[in-house]
Each structure stands twice: as C-alpha cells, then as structure tokens.
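Observations on the model geometry
Read off the chains here:
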Amino acid sequence: MNVISRTRGAKILGGIALVGASALVLAGCSGGGNDAAAPSASSGGGAVSEADGTFSVGTILPATGNLAFLGPPEVAGVKLAIKDIEATGDAFPFTTTLTERDSGDTTTDIATQSASELVSAGADVVIGAASSGVSFTFIDQLVNAGIVQISPANTSPDFTTYADDGYYWRTAPSDVLQGRVLGNLMVGDGAANVGIIYINDPYGTGLKDNATTAIEAAGGEVSVAVPYNPGDTVFTSQVDQLLAAQPDAIAVIAFEETSSIIPQLVSTQGYAASKVYFVDGNLSNSYEFPAGTLQGAKGTLPGNPADTDFQSRLKEVDPALTDYSYAPESYDAVIVAALAAAQAKDDSGTAIRDNMQSVSEGGEKCTTFADCLALINDGKDIDYDGVSGPITFDENGDPTEAYIGIYQYGADNKYTLLNTEFGSLNE
C-alpha cells in the first residue's frame, strides 16, 4: 500500500431538526491571508479515537448562524455518503455511526461545545465546520484527541501551514484558487477600479488578499477595501466608503450579512447589481429581495457543480433542498475517510489520518465508494476521484486540484451556472 503519513507541526445518534470546463492553471502562493497570525495547535494530550470496529462520524455543520444556509446541503451530502457506505454491507469491515452537531458561528461558542461532545462520544472523524473562523475555534480539541477533521468548505489559506499534526484536511480548495478566479473574472469583465467589502475574519481577509493579488496582476486596482466585523448589522458607513471610490465593480465577501448589504448598496444607493460579485460565503438562492434586485450579479463557488443525478440523490435525503453548495465536498469528505479506514483496516483517527493522502492519489482510478472498496479489498492501491473533483491531497491536507464554478443571477434572484474553471495549485 502507498501509505503516506503527514507529520506537520447508520444509525443517526443525534440530529438537527454538465458543463464544459475551461482550463485554468493557477500557481499557489505561500503564507496566510489573515491580518493577524493564525493560531497554532497546542501539543499534548493522548489520542482518544481508537480502533473499536466502529467508523464513528461526527458533524459540526451550521444549523444556526451566518452560514446556516449551507447546513442543509452539507448535512445531506454527509448522510448520502453514510447511506452509500452502509449499502456495501460486510465489504466495509466497520459499523458506521453518525452524530450531528451544530456549529453556530464565531459570535457563539456552540462549535467548541459541539467538539467537546464529539470527543466524548468517541468520534473518529469530524466533518466541519463550514466557516474557517469557526474551525479555528475547535481544531486544537480534535488534534489533541487524535480525531481527523475534514472541512467541506473551509477555504482560508491559513490552514495550509497550521500545526495540526496531520489531522486537519479539507475537500474545498484554498482561497488562493478562488481569489484568483474572482479577481480575473472582475478584470475580465472590464473592471479597472475595484471595491471590496469583506468580513474581518480568516476567510474574509484571505479571500480579499488573494482576489487583490489577482486583480493587480491582471492590470486592475483595488481602490477601496472595507472590512466589517462578525455580528455587525448596519453597513451604511461601509457602503458609503465603497461608493466614494466610484468603483467599476464591487466584490461582496460576506455571509448572511449580504441580506443587509445588498439593499443598502443596490436598492438605496442605486448601484448596478450587474457590477456586484458574490463568493461562496454568500452565493445563495434563499434571498428574499424584490424581483430583479440581483439580476446580472455574478459569483464564484469552489467545487464541481452537483449534477442532476447527484442532486436527485440528495433530494431523496432532504426533499426541501434548494441549494447544493458544498454538498459534493461533504459527501467526498466522508467517503475518503471511510476509504482510508478500509485501507488501514483500522478505524482510529490516527490510522485514517495516515491513509487519507494515499487513497486520493497515485493508485488505480475509481469514482464510487463500492468500486474503490472492492479494489482495496483486493489489495490494490486506489486513487479516488469524487463527485466534487479529483481531490488529490497534498502533504498539508489541501486538495491540489479543484473546480471553481462561475454563476450569474437572473431576474428571479436565483443563480445559474455560466461555466466551470479547473485550476491546479501546484503548477
């Protein structure tokens, strides 16, 4: 087996009530985008996750908070993965359990409480959080317990160099990639003078910095970048600062606060929606704006779009789904962890950690859990390509290749796919 260990410094137990791809090869850059240095994992503590014959999955995903709209598709993706794992019967040598918990947001301590509960419950792998800032509040708890954490939506560049002893992974690409696609999109649409409003947290600052780099490299200028803090509800001063610079286009790097920013920017101040750009944190079909408010606005979203077959399968899990953001990444997070456990013949967090990179690259290609598991059981090395993309983890737990979808809103304030760009972070 091609096992690579990184050495960086179903039963529900609890519940919460294609297109053509244009080639884009992007070069990665080092360092984080946070204004302050990212916290580092503390050492000490013994591994809590042990090999006990049960593949124990926990989730810390948003049922409440400023990313609550991402919760349903992410939870559906996890549950669908559990269903597919259980469908293989005795071929998968472990019993599977799922324990769901809320993440809240950075204005609460819900996530840290949820992490404590999952450590106590003996989780082997935790899927979450959606928010980069939230993940930073509990990552050390999981590292010290020897529990693998896989986020389907964390995109802050700060995680790449975080001292997590190899226990942290993500199936969404760093915002080194999304930032460059966003910046190139805005300049490519003719914007020379760009304004940015962004949430002042690791996600917002990282994406703002990488978008700025791309805008400037393409010949544009960021004339104004205005932060706001998590929990803010009034954005009059930020919008006034943006418009004072008379930008050709404005990137809104925000979460649910977008529901307050857009009315102030578009409806009150009359800024054209066609010059507004969204990102994964606020690209949603759930806004309750008057018809036409968002018409022409564009947005970027990491990941291969969920195709109609996968959407249908997700809706069997949750018929109320209207957004599918990060559902493929959530599904793949569970599947790749299960394959790692199967390859190790050991369901402990440490064994899963030591096999995650191996099952994502270098072996025989396979695209379903059943097919990959059959290969593993035949003693073969595998390379799982998931519904979200090829994954292919590097030694930092980052996917090295990924898709970024570009979307546009219509008169009904719903977004549709324009095209998908594929990027590599190590070329």
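A brief structural summary.

**Observations concerning the overall build of the chain**
On a plain count of helices and strands, the chain comes out with eleven helices and 16 strands. Burial status across the chain gives 59% buried among its 427 residues. Total accessible area on the chain is roughly 14900 Å²; 48% of this is exposed by carbon and sulfur atoms.

**As for the pattern of salt bridges**
Applying the stated criterion across every chain, the model contains eleven salt bridges. Where K79 meets E100, a salt bridge forms, and the shortest distance between an N and an O atom there is 3.6 Å. You can see K79 sitting in helix α1 (residues 71-86) and its partner E100 sitting in strand β4 (residues 95-102), a full 21 residues away along the chain. E316 is the partner of K83 in a salt bridge, and the nearest nitrogen-oxygen pair spans 3.8 Å. Taken together, the positions of K83 in helix α1 and E316 in helix α8 (residues 308-317) put the pair 233 residues apart, joining distant regions of the chain. Accessibility expressed as a relative area gives 44% for K83, which makes it partly exposed. Relative accessible area serves as the criterion here: at 56%, E316 is assigned to the exposed category.

**What about the nonpolar core?**
M186, V276, F278 and Y409 are the most contacted members of the largest nonpolar core, which totals 61 residues. Sort the elements by how many residues they give to this core and helix α4 (residues 175-188) lands first, with seven residues. Those residues in contact with M186, other than ones at most four positions away along the chain, are A191, V194, I215, A249, I250, A251 and Y277. In this structure, I139, V334, A341 and I391 belong to the second largest nonpolar core, which totals 55 residues.

**Some points on the packing of α4 against helix α5 (residues 202-217)**
With their axes 7 Å apart at the nearest point, α4 and α5 run at an angle of 50° to one another. It follows from the interaxial angle that α4 and α5 lie oblique. Once α4 is placed against α5, the crossing between them reads as right-handed. Contacts between α4 and α5 involve D175, V176, Q178, G179, R180, L182, G183, N184, M186 and V187 from the first element and Y203, L207, N210, A211, A214 and I215 from the second. Split into classes, the residues belonging to the contact of α4 with α5 amount to nine nonpolar, five polar and two charged.

**Details of the pairing of strand β9 (residues 221-228)**
Two strands pair when backbone bridges link them, and strand β8 (residues 193-199) and β9 are joined in this way by seven bridges, in the parallel orientation. Along β9, the bridge assignment pairs V194 with V222. As for the winding sense of the linkage, the β-α-β connection from β8 through α5 to β9 is right-handed.

**Points about empty space enclosed by the protein**
Its boundaries defined by the atoms lining it, the largest cavity holds a volume of some 70 Å³. Around the largest cavity, the lining residues are T171, A172, P173, G303, E329, S388, G389, I391, P399, E401, A402 and Y403. With three residues, strand β15 (residues 401-409) is the largest single contributor of residues to the lining of the largest cavity. Taken together, the residues that form the lining of the largest cavity break down as six nonpolar, four polar and two charged. As for the second largest cavity, its lining consists of L67, L70, A130, S131, S132, A153, Y203, F255, D280, G281 and Y326.

**Overview of the packing of helix α9 (residues 327-344) against helix α11 (residues 369-377)**
Contact pair α9 / α11: the axes reach a minimum separation of 10 Å and the direction vectors enclose 15°. Between α9 and α11, the crossing angle belongs to the class labelled roughly parallel. Between α9 and α11 the crossing geometry is right-handed. In this structure, α9 contributes I335, A338, L339, A342 and Q343 to the contact, and α11 contributes F369, C372, L373 and I376. When the residues that make up the contact of α9 with α11 are grouped by side-chain class, the tally is eight nonpolar, one polar and no charged.

**Observations concerning helix α10 (residues 349-360)**
Structurally, the α-helix is built with 3.6 residues per turn, so residues lying three or four positions apart point the same way. Taking 1.5 Å of rise per residue, the twelve residues of α10 would be expected to cover 16 Å, and the 17 Å separating its terminal C-alpha atoms lies within 8% of that figure. Of all twelve residues making up α10, eleven are buried, and the element is well covered by its neighbours. Every buried residue of α10 is listed here: G349, A351, I352, R353, D354, N355, M356, Q357, S358, V359 and S360. Of the surrounding elements, those touching the buried residues of α10 are β3 (54-61), β6 (148-151), β7 (168-170), α9 and β14 (382-384). At the exit of α10 stands G362, carrying a positive phi of roughly 85°.

**Looking at helix α6 (residues 236-244)**
Restricting attention to buried positions, one finds in α6 the residues Q238, V239 and L242. Seen end-on, α6 carries its buried residues on one side only, within an arc spanning 95°. Structurally, α6 contributes buried residues whose contacts are with β8, β9, β10 (249-253) and α7 (258-268).

So, how was this worked out
- Residues numbered from 1 in each chain as written.
- Predicted model: local features only at pLDDT ≥ 70, side-chain atom pairs only at ≥ 80, totals over all residues.
- Heavy atoms only, no water.
- Helix = DSSP H or I, 4+ residues; strand = E, 2+ residues; numbered from the N terminus.
- Buried < 20%, exposed > 50% of the residue type's maximum accessible area, 1.4 Å probe, protein only.
- Areas by Shrake-Rupley, 256 points an atom, 1.4 Å probe, with all protein chains shown as cover.
- Salt bridge = Lys/Arg side-chain N within 4 Å of Asp/Glu carboxyl O.
- Core = buried A, V, L, I, M, F, W, Y, C linked by side-chain atoms within 4.5 Å.
- Contact = heavy atoms within 4.5 Å.
- Axes fitted to C-alpha atoms, helices over the stretch in contact; angles between N-to-C directions.
- Parallel < 35°, antiparallel > 145°, perpendicular 65-115°, else oblique.
- Left-handed = near helix turned anticlockwise from the far one by under 90°.
- Nonpolar A, V, L, I, M, F, W, Y, C, P; charged D, E, K, R; others polar.
- Pairing = 2+ DSSP bridges.
- Right-handed = clockwise from strand over helix to strand, strands pointing away.
- 1 Å grid on protein atoms, 1.4 Å probe; cavity = no way out; pocket = protein on both sides within 12 Å on 5 of 7 lines; lining within 4 Å.
- Points joined across faces, edges and corners; volume = space filled by probe spheres on them.
- Expected span 1.5 Å × (residues − 1).
- Arc of directions from axis to C-beta.

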